[in-house]
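One letter stands for each residue in the lines below.
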Amino acid sequence: YRLPLSDLLGDQEVLDPLQVLFRAEGAVLDHKGTREKVSEAYGLFREISYLQAKLGAARVASRPLPSYALAAPRNMAEACIQGESVAEQERKRLELGQNAVWDLAEVLRNQGLLAAEMPLPAEVSGFTVFSDEAPLMIVNATQLSVRRLFSLAHEFGHVRMDPKERALVSMDREEGLVEARANAFAAALLMPEEGVGDFVERQAVKRLDWPEVADLAWTFGVAYSTSVYRLANLGHISPDQKPTLLA
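Draft legend 1. Layout of the confidence of the model for the protein. In the predicted model, the protein carries a mean pLDDT of 83, and the fraction of residues at 70 or more is 77%. Per-residue pLDDT, averaged within each element of the protein, yields its smallest value for helix H1 (residues 5-9) (40) and its largest for helix H9 (residues 210-220) (97).

Draft legend 2. A negative patch on the surface, seen in detail. The grouping of Glu88, Glu193, Glu194, Asp198 and Glu201 at the surface amounts to a negative patch. At four residues, helix H8 (residues 193-202) tops the list of elements feeding residues into the negative patch. Tracing the chain through its elements places Glu193 in helix H8. The class of Glu193 is partly exposed, set by a relative accessible area of 46%.

Draft legend 3. A look at the pattern of salt bridges. This model, assessed by the stated rule, comprises eight salt bridges. For Arg160, the salt bridge goes to Glu90, with nearest N and O atoms at 3.2 Å. Within this pair, whereas Arg160 is found in helix H6 (residues 145-161), its partner Glu90 is found in helix H4 (residues 76-93), the two being separated by 70 residues in sequence. Of the residues examined, Arg160 reaches a relative accessible area of 5% and is grouped as buried. Owing to a relative accessible area of 0%, Glu90 belongs among the buried residues under this scheme.

Draft legend 4. Region of the structure containing the sheet that holds strand S3 (residues 136-140). The sheet built from four strands is open, its strands ordered S1-S3-S2-S4 with mixed pairing. The sheet is open, and its two edges are formed by strand S1 (114-118) and strand S4 (167-171), each paired on a single side. Sheet twist, expressed as the mean angle between neighbouring strand axes with direction ignored, is 15°. Here strand S2 (residues 124-129) pairs with S3 via four bridges, running antiparallel. When the bridges of S3 are listed, Val129 appears paired with Leu136. Along the sheet, H6 makes contact with S1, S2, S3 and S4, crossing S3 at roughly 150°.

Conventions and cut-offs
- Residues numbered from 1 in each chain as written.
- Predicted model: local features only at pLDDT ≥ 70, side-chain atom pairs only at ≥ 80, totals over all residues.
- Heavy atoms only, no water.
- pLDDT = per-residue confidence, 0-100.
- Helix = DSSP H or I, 4+ residues; strand = E, 2+ residues; numbered from the N terminus.
- Patch = residues over 30% accessible without salt bridge, like charges linked within 9 Å, V, L, I, M, F, W, Y side chains within 5 Å.
- Areas by Shrake-Rupley, 256 points an atom, 1.4 Å probe, with all protein chains shown as cover.
- Salt bridge = Lys/Arg side-chain N within 4 Å of Asp/Glu carboxyl O.
- Lys, Arg positive; Asp, Glu negative; His and termini not counted.
- Charge placed at Lys NZ, Arg CZ, Asp CG, Glu CD.
- Buried < 20%, exposed > 50% of the residue type's maximum accessible area, 1.4 Å probe, protein only.
- Pairing = 2+ DSSP bridges.
- Axes fitted to C-alpha atoms, helices over the stretch in contact; angles between N-to-C directions.
- Contact = heavy atoms within 4.5 Å.

See below:
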């Protein structure tokens, strides 16, 4: 299982979050100069924040966001419940309604958060660095657009649910309750329960099949597999349908 970076470092205090990131994930982020690109992006972000402060244009994030007092999830079910619950609250706070969130990056920028894309190793979907100014979220620019959107929602989940961390790296096909919670958050943020339910009710079929699942994925801007998992978790498809639809 994946551990938060604070568990890897024990009680040692590291002031620079990039040091935390590179110490825990140095082998991965050394791939093809990724370390240098990450450092450059973070340095640019710090310079922009400094100039904004000097010019009196402090970022929106200077106003603290509401916090969520979450206990560490004890199992997968609890991790999913926490992630979905926080996502529902965030959708209400951000007044997103029940529709797709195609412009998530713009929504986050309006919250004073910085989201960017850059080429990363294939196994890295994204990472989040927490600084004194605001969290910096980076997603892998080499992935498909639907994957990048999900990765950004996933990193936003870390921002809202794991603020005590200094840095977190998200890997593809990764296990662990912290990552599972962020995945549940991303799915619920991008595919709200009521919105999915409304879509299902509009279908002129008794049993959803791949055309409806693909249409749902397109409607909310997510991958086909994400659509299948979300439908299964919400009870709109039976357990025996899931492997068939994913085949």
